Amino acid sequence: MVKANSQDRVLAVLDLFTEARPQWSPEELMKELGYTRPTLYRYLKSLKDSGLVMSTRGGRFALGPRVVEMDYLSRRSDPLIATATPHLERLSATHPCTALVVRWYGEKMLCVASVASAVNPVSSYPRGRPMAMGRGAIARSIMAFLPKPHLMPLLTRYAADLRSVGVGTTSDEILATLKRVRRAGVAVAFGEVTPGAVGIAAPILDANYPIASLCITIGGQHTRGEMIDRISLEVRAAARQISSALDEDPS
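Residues numbered from 1 in each chain as written. Predicted model: local features only at pLDDT ≥ 70, side-chain atom pairs only at ≥ 80, totals over all residues. Heavy atoms only, no water.

## Things to note about the overall build of the protein
Argument step 1. Of the regular secondary structure elements, the protein holds 10 helices and 8 strands.
Argument step 2. Expressed as lengths along the three principal axes of its C-alpha atoms, the size of the protein is roughly 65 × 40 × 40 Å.
Argument step 3. Across the 251 residues of the protein, 43% fall into the buried class.
Argument step 4. Excluding contacts between residues fewer than 6 apart, the proportion of contacts in the protein whose partners are at least 24 apart in sequence is 55%.
Argument step 5. A total accessible area of about 13,700 Å² is found for the protein, and carbon and sulfur atoms account for 55% of it. (Helix = DSSP H or I, 4+ residues; strand = E, 2+ residues; numbered from the N terminus. Buried < 20%, exposed > 50% of the residue type's maximum accessible area, 1.4 Å probe, protein only. Contact = heavy atoms within 4.5 Å. Areas by Shrake-Rupley, 256 points an atom, 1.4 Å probe, with all protein chains shown as cover.)

## Comments concerning the environment of Thr 194
Argument step 1. Mapped onto the secondary structure, Thr 194 falls in the loop between strand S6 (187-190) and strand S7 (197-206).
Argument step 2. Here Thr 194 falls in the buried class, since its relative accessible area comes to 14%.
Argument step 3. Taking C-alpha positions, Thr 194 is 8.9 Å from Gly 136, a pair spaced 58 residues apart along the chain.

## Remarks on the packing of aromatic side chains
Argument step 1. The tally for this structure, following the rule as stated, stands at 1 aromatic pair.
Argument step 2. Ring geometry for Tyr 35 versus Tyr 43: centroids 5.6 Å apart, planes at 80 degrees, classification edge-to-face. Tyr 43 carries the same exposure label as Tyr 35, and that label is buried. (Phe/Tyr/Trp six-rings, centres within 6.5 Å; stacked < 30°, edge-to-face > 60°.)

## Section: helix H6 (residues 136-143)
Argument step 1. Most of H6 sits out of view: 8 of its 8 residues are buried.
Argument step 2. Every buried residue belonging to H6 is among Gly 136, Ala 137, Ile 138, Ala 139, Arg 140, Ser 141, Ile 142 and Met 143, and all of these are buried.

## Regarding the side chain of Arg 140
Argument step 1. On the secondary structure map, Arg 140 appears in helix H6.
Argument step 2. Excluding residues within four positions of it along the chain, Arg 140 makes contact with Val 165, Val 167, Leu 178, Val 181, Ala 187, Val 188, Ala 189 and Glu 192.

## Observations regarding the packing of helix H2 (residues 26-33) against helix H3 (residues 37-49)
Argument step 1. Orientation of H2 relative to H3, taken along the N-to-C sense of each, is 115 degrees, at an axis distance of 10 Å. For the element pair H2 / H3, the angle class is roughly perpendicular. For the crossing formed where H2 meets H3, the hand is right-handed. Between H2 and H3, the residues in contact are Pro 26, Glu 27, Leu 29 and Met 30 and Arg 37, Leu 40, Tyr 41 and Leu 44, respectively. (Axes fitted to C-alpha atoms, helices over the stretch in contact; angles between N-to-C directions. Parallel < 35°, antiparallel > 145°, perpendicular 65-115°, else oblique. Left-handed = near helix turned anticlockwise from the far one by under 90°.)

Take a look at the structure:
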């Protein structure tokens, strides 16, 4: 077993802060991570001094203001956001929807930019909220373009979710569905992530590898078969334009 270095152990503290568990006490952190009290407090002091965590009432800890600053810098510096924003604005101006870009990293999907034009948007995932990997058009638009060695562990991990939304009951059936998505260049899902919402997503590729997904979520009452086909073409074309622009970006 490779022993984690101190940087990894500090990052492990940050990894524990989630939407479901946004605050932790030192005792809870020690129990979860197995660190000694002196070690944990040394890490907490470093994180607190850098602004990555802060103290809250009752001696608990939460993520700190440096995270907000980093989010601002990410918005300003991410070429994907800069390239995709005009497409998000155009798509949302054309349809009563939420248009969003979702980054794929590790085994997570995260909304990094969105523009909503609907009066009551039907998206469950604003910027910064991780998304489910086994459900929805965004997940399938990414999975369909992953190399098989990267894809198969995900199929095993999320098999129950994929089966529950009708993607397939066996690995072969799921792979066949993903091959159809790859041929079409776009995935469509009905109410799998947000009830009543239709998701239409296409991958953003870097050297044919999916790094993100462009998606429209729109209320089912606003869509018909012909409109879904038309939006699918628009989303696929926009995703390809973003991919090409990123390839040409010298930065």
